[in-house]
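Descriptive analysis of the structure
Read off the chains here:
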Amino acid sequence: MNSSKFNTIAGWTLGTALLVFGLNSLADVIYHAEAPEKPGYLIEVAEAETGGEATGGEEQPAVSLGTLMASADAAKGQAGFKACAACHTADKGGPNKVGPNLWGIVNRMHASHEGFNYSEAMAAKKAEPWTYEALNEFIHNPKAAVPGTKMAYGGLKRDQERANLLAYLGSLADTPVPPPAP
Ligand code: HEC
């Protein structure tokens, strides 16, 4: 290889290296410039799915629980209760499992089922009855409704499915409590 050829090759090599380096930096600049600060769109999707939030739902007005329950289907709610049955029994006199038995839960006082060891957070509410509204909030998002609860369940986000489940829970009583007016 004579020296002029060597110089040519060296020149090309250096040139290519600079070009690659330059493109990388350029890509860096473009990438950083275009990367969104936070993936807001992901969060929007998650919120849209929950629908009818009682707090801050500008997109759609919240449908009242009474209205949702007016068209609720307790049989569908019973099917939905499968998600709860891993931890709760629903029959009269049924045993406590990971969670307390839920017979007669509507208007039962919080943390009042015999023989169940409730969290402090739940026990602190023992003067409050489990109204349909309270159950609705709790089942929607247990950790938000009762911070510190030991119920390890993420929440049932769809309003109508929750209403179905509430209709089923309401049926678990000798004298069922009527649902709230629409
Ligand atoms: C992984 C187990 C688990 C699942 C699944 C679960 N729960 Fe619970 N649940 C618990 C535990 C544990 C408690 C007691 C919470 C506490 O003391 O903080 C509880 C408490 C409750 C209470 C309050 C009872 C009382 O006597 O005050 C209700 C109502 C309830 N659960 C309903 C449901 C419903 C409805 C579902 C299904 C949508 C469900 N839970 C799913 C474990 C579970």
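Description of the structure in this document. (Residues numbered from 1 in each chain as written. Predicted model: local features only at pLDDT ≥ 70, side-chain atom pairs only at ≥ 80, totals over all residues. Heavy atoms only, no water.)

Residue position: Phe138 is located in helix H7 (residues 132-140). Considering only alpha carbons, one finds Phe138 and Thr149, 11 residues apart in sequence, at a separation of 9.9 Å. (Helix = DSSP H or I, 4+ residues; strand = E, 2+ residues; numbered from the N terminus.)

A separate point is the coordination of the iron atom of the ligand. Surrounding the iron atom of the ligand are the protein donor atoms His88 (NE2) and Met151 (SD), at 1.9 to 2.1 Å. Coordination at the iron atom of the ligand comes from six donor atoms whose angles at the metal span 85 to 179°, giving a geometry best classed as octahedral. Pair noted here: His88 is in the loop between helix H5 (82-85) and helix H6 (120-123) and Met151 is in the loop between helix H8 (142-145) and helix H9 (159-171), with a separation of 63 residues, a long-range link. Accessibility expressed as a relative area gives 11% for His88, which makes it buried. With a relative accessible area of 22%, Met151 lands in the partly exposed category. (Donors = N, O, S within 2.8 Å, 3.2 Å for Na, K, Ca; no water. Tetrahedral: all angles 85-135°; square planar, octahedral: opposite > 155°, others 65-115°. Buried < 20%, exposed > 50% of the residue type's maximum accessible area, 1.4 Å probe, protein only.)

Moving on, we come to the site of the ligand. With respect to spatial proximity, 26 residues lie near the ligand, and among them Cys84, Cys87, His88, Tyr118 and Met151 are the closest. At 2.9 Å from an oxygen atom of the ligand is found a side-chain nitrogen or oxygen belonging to Arg108. The contact in question runs from an oxygen atom of the ligand to an N or O atom on the side chain of Ser119, over 2.5 Å. Given that more than half its atoms are within 2 Å of the pocket grid, the ligand belongs to the largest pocket. When contributions to the shell around the ligand are tallied by element, the ones reaching two or more residues are H5 and H7. Counted by class, the shell around the ligand contains 19 nonpolar, five polar and two charged residues. (Near = heavy atom within 4 Å. Polar contact = N/O pair within 3.5 Å; in protein donor to acceptor, adjacent residues only side chain to side chain. 1 Å grid on protein atoms, 1.4 Å probe; cavity = no way out; pocket = protein on both sides within 12 Å on 5 of 7 lines; lining within 4 Å. Sits in = over half its atoms within 2 Å of the grid points. Nonpolar A, V, L, I, M, F, W, Y, C, P; charged D, E, K, R; others polar.)

All quantities given are derived from atomic positions and should not be read as evidence of function.
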